[in-house]
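Below are the chains, spelled out letter by letter.
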Amino acid sequence: MQLFSYVGVILLLLFRSNKYPIKFPRYLLFYLLFILYVFYSAFIQLGREFKVMYLFSNNLIGAFNMMFIIENLVISKKYYNFIIKTSKNILIIAVLVIIFQQVINPRFFVDSSRFMQNFISESEAGNTDRLPSIYSWLNSNSSGFSFIPILILVVEDLDKKKKKVLLWIIMGIIFAFLTKARWVMVNIFLVFFIFFINHKDKFLQFIKYLFILPIIFFISYIVLDIVGINTKGIVEDRILEGDKKSISQKSAGTRLLAFKAFDQLYWSHPFFGVGAIRYGMGGVGKQDYKLRSILKGRSSQIHVGYLSLFYTYGLIGGFLFLSFLYLLLKKLYQNANKTGIWAPFLAFIGFAIANLTLVAFSVFEMGLIIVLVADRYYSQHKNLKTYQNTEYIL
């Protein structure tokens, strides 16, 4: 996909007519500057050798290319409907696969080179083992950044058409629960904001879901129990981590440790950061021994995205990335106010929330890219009377 993204950018630059000038919004400018700063950090600050493969292995570049392409395409109704239809099928497959992984075989359809360390058994998934469903072939965060944005988009599309959405919400809750990733479980609740935002009777919607939510959770519990999943055990062992005595021994302790490590180490390199010392190209290069001595094996990194951002890239890199995120959210919010489609904005709110507990600077994720396509489509639909005979239609 990253290779094809270069092709798309080149085609746009070569064949764009004066009638349709290239669009390059401010949020893309700040993302480009952030990427250039990452290059500076890797190849000048840390003195790594540049290799052409870096242009295809760095997902920041893929994210930039895809956002640039989306900003400069006119998307047809036929193609957008195809995306929605395909996305529904993918959601269903993802839910069925993760149930199969939990009940039958945790290694089913899993990229063994990346995710086998998460499984303790050849034939049975435990209460704490994270399951990737169909997304292990992407990266460790893709289960949340691919599934949830698309789910929000599908639910909003169905809700706009006055169709039933309860089954989709139940599937989403089941999927998030079985990933056993708490940040995914938190982000799944963003889907409920669709009903508060898109309906005028917000108070009635609040009362409605005050009663409906417990029913949804109960139905989800029954469904999981029927297929033989130890729901209670997952809640106790993974979500509550009940077998551990103190907060320092729980995963929340790694977040507290992140603040301690940041406070001790950041001020030595406040403006430029230390650079991506441990997570360089292919994992080679210098090791961050000071950070390792503070973490003492309890975590592999500063496990709060924004702290990791400023620690790694300093005030300069942190400012560039947060400026990108703010400007993108501002654009999505303004578009949502005009079009009435809030899924793209909510999806990237989820991205911003997720960085409170994990480290993710790239939006080169299937779900995030698709909601950007949706935002582009509805923005065009609001401004254009017709898509017929328009250049650069996808």
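Refer to the structure presented above.
Help me get a handle on the overall build of the chain, residues and values and all.
Scanning the chain for helices and strands turns up 17 helices and zero strands. The buried share among the 394 residues of the chain stands at 54%. The contacts in the chain between residues at least 6 apart in sequence include a share of 76% that link residues at least 24 apart. Of the roughly 19,900 Å² of accessible surface on the chain, a fraction of 65% belongs to carbon and sulfur atoms.

Could you give me a rundown of unusual backbone geometry, with the residues and numbers involved?
Despite not being glycine, S133 has its phi angle at roughly 55°, a positive value. Structurally, S133 can be placed in the loop between α6 (112–115) and α7 (142–160). Of the residues examined, S133 reaches a relative accessible area of 0% and is grouped as buried. In this structure, K162 is a non-glycine residue whose phi angle is positive, near 60°.

Give me the lowdown on the side chain of N187, citing residues and values where you can.
When you line up the elements, N187 lands in helix α9 (residues 182–187). Look at N187 and you get buried, because its relative accessible area is 4%. Other than its neighbours up to four places away in sequence, N187 contacts I148, G350, I353 and A354.

Report on the pattern of salt bridges, specifying residues and quantitative values.
Going through the model one piece at a time under the given rule, you end up with three salt bridges. Here E71 ties to K331 by a salt bridge, and the two come within 3.3 Å at their closest N and O atoms. Of this pair, E71 sits in helix α4 (residues 59–71) while K331 sits in helix α15 (residues 305–339), and the two are 260 residues apart along the sequence. Residue K331 pairs with D375 through a salt bridge whose shortest N-O separation is 3.1 Å. One end of the pair, K331, is in helix α15; the other, D375, is in helix α17 (residues 366–383), with 44 residues separating them in the sequence.

Rules used in this analysis
- The written sequence of each chain sets the order in which its residues are numbered from 1.
- Totals for whole chains, interfaces and linings use all residues, but because this is a predicted model, local features are given only for residues with pLDDT of at least 70 and pairs of side-chain atoms are given and counted only at 80 or more.
- Values shown for side chains rest on all heavy atoms present in the structure; no hydrogens or waters enter the calculation.
- For helices the rule is a DSSP run of H or I covering at least 4 residues; for strands it is a run of E covering at least 2, with both sets numbered from the N terminus onward.
- To sort residues, take the accessible area from a 1.4 Å probe on protein chains only and compare it with the maximum for the residue type: under 20% means buried, over 50% means exposed, and anything in between is partly exposed.
- Note on definitions: a residue-residue contact is assigned when non-hydrogen atoms from the two residues lie within 4.5 Å.
- Per-residue and other accessible areas follow the Shrake-Rupley method at a 1.4 Å probe size, with only the shown protein chains counted as cover for residues.
- The term salt bridge refers to a side-chain nitrogen of Lys or Arg lying within 4 Å of a carboxyl oxygen of Asp or Glu.

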